[in-house]
Amino acid sequence: MATIISGAAGTFDVLAQRLVVDMSPKIYLLEPDSAPLTVLLNKLTKEKAENPKYEWMEDELMPNWTNITNNAGTGTTINLGASAGATGHAKYVTKYSLIKVPSTGEVMLVTAVNESNGNITVTRGYGTDVSSVDGSSTPVPVVIIGTAFAEGAAGSELTHHTTKQTGNYNYIQIFREPVKVTRTAALTNMYGGKLRVTEQAKKGIEILRNIENAFLYGVRHLDTSGERRTTGGALYFISTNSTNIGGALTYTALENFLRSVFRYGRQRKFLIASPLVMSALSIIAEARGSVRLVPKATSYGVSIRQWSSPHGDIMLLKDVNLTGSTYGGYGICLELEECAFRYMQDVVLETNVQNPADLYYLDVYTAMVGFELHNEQKHGVVYGITGGSGS
């Protein structure tokens, strides 16, 4: 029997199925920009790998700082080393090198080097006063100024010293993400686009996020029994410049960290920072007044801001993958010109890899990639940050 409606017919009086659903044509993902480091490395430094184990060589200049490690007094026999009593740094100098003790101002001329016992013989007070020096309990730092040869010196007086190159390596890791959709679902019209297409887009972001996590947290490992390799990330390689703030980040603590991380390398580095660390930097910038966070164009494919310090420029990059009670307080400072995205196979979507009789579509994202980082002293990690302080 028909239902009779009196008066004006409204939306509550029509069948629900008759109403056209007002659905946005776009599906909004929660984390669309979840791999900023991977995106940057793709644009800046990308190199093909010919082997699942890839290697590189590192070198450095001859050291120009060492320590007096014996009680030399005002005598002419000096030991050079890293710690009290050590004698391993005699090769840092050659005959006619000049060394200076900053704490006293005295300059000494090296006249002989005995590499077997680590002793050097010097002329004390070379153009300066002589000051007693004792490094037997606390090493006394000295700077190596360079050589001072006499006019007409013979080539036989030259001694060649150089540093030995060192090797490092990492592995290619295989990443895979499947997209599996039934044929029925794939052929059904849906708001937001076809299900297979939207799932491909989502899984594409997820595999990039997984690569990002490996480039940050990964550990280099070769599993011979399981025939599996994993790539070491930034935190695996960086050891020298590692600063534990253990509380609120202050301007002074930040400057101390930047001073150490800019000791080597270029005057521009990238700080991959957690959202909490970005907030801490913003608090410092607001309190200091003279320090500004300068927005940078998204020419790298990701949003970047710049922090200028007397030591160099820091390009700030927020990474939401740095989260949780531990990594939420991390900032990873990288000289990206000394990092590389290595690949045997870049991220590729292989479609229709299912069996012919299967009533579903199976597409698979596959990436065979790894991370490379040169001269870890050029990079740094600041961690243990719980907030920011304007002091």
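You'll find the structure just up there.
This text gives an overview of the structure that appears in the document. All values derive from a computational prediction rather than experimental measurement. (Residues numbered from 1 in each chain as written. Predicted model: local features only at pLDDT ≥ 70, side-chain atom pairs only at ≥ 80, totals over all residues. Heavy atoms only, no water.)

## A short note on the pattern of salt bridges
Pairing is possible between side chains that carry opposite charge, provided their charged atoms lie close to one another. Operational definition: Whenever a carboxyl oxygen of Asp or Glu lies within 4 Å of a side-chain nitrogen of Lys or Arg, that contact is scored as a salt bridge. Strands here mean DSSP runs of E at least two residues long; helices mean DSSP runs of H or I at least four residues long; both are numbered from the N terminus. Burial status follows relative accessibility: with a 1.4 Å probe on protein chains alone, a residue under 20% of its type maximum counts as buried, one over 50% as exposed, and anything between as partly exposed.
As enumerated under the stated definition, the model contains 14 salt bridges in all. Between D346 and K46 there is a salt bridge; the shortest N-O distance is 2.2 Å. Pair noted here: D346 is in strand β21 (residues 339–350) and K46 is in strand β1 (residues 46–48), with a separation of 300 residues, a long-range link. The shortest N-O distance in the salt bridge between R124 and E106 comes to 2.7 Å. Note that R124 is positioned in the loop between β8 (119–123) and β9 (133–134) and E106 in the loop between β6 (97–100) and β7 (107–114), a separation of 18 residues in sequence. Each of the two residues, R124 as well as E106, counts as buried.

## Digging into the packing of aromatic side chains
For the record, the criterion: Between the rings of Phe, Tyr and Trp (Trp by its six-membered ring), a pair exists once the centres lie within 6.5 Å; its type follows the angle of the planes, with under 30 degrees stacked, over 60 edge-to-face, and the other angles tilted. Lysine and arginine charges are scored as sitting over a ring when NZ or CZ, respectively, is within 6 Å of the ring centre and within 35 degrees of the ring normal.
Within this structure, the stated rule accounts for 10 aromatic pairs. Here the aromatic rings of Y169 and Y171 are separated by 5.7 Å at their centres, their planes lie at 70°, and the arrangement is edge-to-face. Under the relative-accessibility criterion, Y169 is labelled partly exposed at 26%. With relative accessibility at 8%, the residue Y171 sits in the buried group. Here Y217 and Y327 contribute two aromatic rings whose centre-to-centre distance is 4.3 Å and whose plane-to-plane angle is 25°, an arrangement assigned as stacked. Separated by 110 residues along the polypeptide, Y217 in helix α3 (residues 195–217) and Y327 in helix α7 (residues 324–327) bring together distant segments of the chain. Using a relative accessible area of 22% as the deciding quantity, one classes Y217 as partly exposed. Members of the aromatic cluster, connected to one another through ring pairs, are Y54, W56, Y236 and F237. Stacked on the ring of Y169, the Lys or Arg K53 has its end atom at 4.4 Å from the ring centre. Positioned over the ring face of Y360 is K180, at 4.3 Å from the centre of the ring.

## Digging into the sheet that holds β1
Defined as follows: The rule for pairing is simple: two strands pair if DSSP sees at least two bridges between them. Here an axis means a line fitted to C-alpha atoms, over the contact stretch when the element is a helix, while the angle between two N-to-C directions is reported on a 0 to 180 degree scale.
In space, the four strands of this open sheet follow the order β1-β21-β22-β12, with mixed pairing throughout. The open sheet has two edge strands, β1 and β12 (173–182), and neither has a second partner. The average angle at which neighbouring strand axes cross in this sheet is 30°, direction not considered. Here three bridges tie β1 to β21, and the two strands are oriented parallel to one another. Looking at the pairing, K48 lines up with Y343 of β21.

Bear in mind that shape data such as this cannot, by itself, settle questions of function.
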